[in-house]
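Now for the letters of each chain:
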Amino acid sequence: MDRLQSMRVLVKVADTGSFAQAARVLNMSPPAVTRAIACLEVLTGARLFLRSTRSVKLTAPGSRYVEDCRRILADIDEAEASAGGSHATPSGLLTVTAPVLFGQIYVMPVMTSFLTLHPAVNGRALLLDRVVNLLEEGIDVALRIGQLPDSGYHAIKVGSVRRVVCGAPSYFKDHPVPQVPADLAGHTIIANTGSSAPQDWRFVDGEKSHVTLRPRLFCNTVDASISAALSGWGLTSALSYQVASAVRDGTLDIVLAGYEEPPIPIHVMHAEGRHISAKTRAFVDFLVAQLRDNRNLQAAASLMES
């Protein structure tokens, strides 16, 4: 059995959770399915499944290998479709990555709308608060917030955000509104310790400066720190898009706006080259248009505008 067919068998076993069911779906004999998996285990030098009388589960190496096989098979299907003249029709597996909260709020609605428009495309979303290697992890499109290093990828700016300090109106009933960054020393501070969060709060007052904080509460997610601020317990720092709806509906107020650092750019990234797939080209165009039209991602605009 050739390697590509063995990969198809592997993916089907992973999807069905059963050697026997995979054999029925693929119209193969159970021994042939077993031989295909054994062949791949010899080739990779890794055990791909944990098998018992009741269940079939992927090992950690097996899970990684299955995702690689999905990508390889999707690329082959797309290459064959392109050679056959259907290259203009988006199809295959589209893998997109973005920061967790940004992805939840802005990317997932766009991605599901795109998949609805293009039934031949399947989606895979990796929402991670870390920088993902597009090539190593088989990523078609990435959303990045921040300055970009030089790379071989094409980057399209779609907007920008600001890092803001905010608190609830109920908090300011009992505490004075800070007028300068140094005033934060007298306030209850909620710090976000997530991987992408700065561990000090930076401001611009003639020149860049930072304020040493003594937080009362440390949260490992942005959601948690914003939730604590919404309760009126203290002040927190967040990116403007993360609190845009709360600011607009009046449940959070931004303070020290005159001391904020310059806006932080948002880019859509994908591999360069003339042979970019139809699915990637179509999704990038769709995503860029949607994000550029979103007022929450245009940092120069006030979050309080209607």
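Predicted, not measured: the structure shown is a model, and the values here were computed from it.

> Lay out the sheet that holds strand β8 (residues 189–192) with the relevant residues and their values.
Pairing is mixed across the open sheet formed by five strands, whose spatial order is β11-β8-β12-β7-β13. With one partner strand each, in any of the chains shown, β11 (217–219) and β13 (253–255) form the two edges of the open sheet. Neighbouring strand axes in the sheet, compared pairwise and without regard to direction, differ in orientation by 40° on average. Examined bridge by bridge, β8 and β11 share three bridges and lie parallel to one another. What sits directly across from I190, in β11, is L217. Against the sheet, helix α7 (residues 222–230) makes contact with β8, β11 and β12 (235–239), and its axis sits at roughly 170° relative to β8, the strand it touches most.

> Tell me about the sheet that holds strand β5 (residues 141–145), and name the residues and values.
Taking strand neighbours across the sheet as the criterion, the five strands line up as β4-β3-β5-β14-β6 in an open arrangement whose pairing is mixed. The sheet is open, and its two borders are formed by β4 (121–127) and β6 (153–161), each paired with just one other strand. Between one strand and the next, the sheet's axes are offset by a mean angle of 20°, whatever the strand orientation. The pairing of strand β3 (residues 92–98) with β4 spans seven bridges and is parallel. Bridge pairing in β4 places T97 opposite L126. Taken strand by strand, helix α5 (residues 100–117) contacts β3, β4, β5 and β14 (264–271), and its axis lies near 180° from that of β4. Running at roughly 20° to β6, helix α9 (residues 278–292) makes contact with β3, β4, β5, β6 and β14 of the sheet.

> Any chance you could break down the environment of A125 for me, citing the residues and the numbers?
Here A125 shows up in strand β4. As a C-alpha pair, A125 and T95 span 30 residues in sequence and 5.9 Å in three-dimensional space. Apart from the residues within four sequence positions on either side, A125 is in contact with V96, M108 and M111.

Procedures and definitions
Position numbers for residues start from 1 in each chain and track the written sequence from start to end. The predicted origin of the model limits local features to residues at a pLDDT of at least 70 and limits the giving and counting of side-chain atom pairs to 80 or more, whereas totals for whole chains, interfaces and linings rest on all residues. Excluded from the side-chain calculation are hydrogens and water; included are all heavy atoms of the structure. Only strands joined by at least two bridges in the DSSP assignment are considered to pair. Helix and strand labels come from DSSP, where a helix needs a run of H or I of at least four residues and a strand needs a run of E of at least two; each type is numbered from the N terminus. For helices, the axis comes from a line fit to the C-alpha atoms of the stretch in contact; other axes are also lines fit to C-alpha atoms, and the angle between any two N-to-C directions lies between 0 and 180 degrees. Residue contacts are counted whenever heavy atoms from the two residues lie within 4.5 Å of one another.

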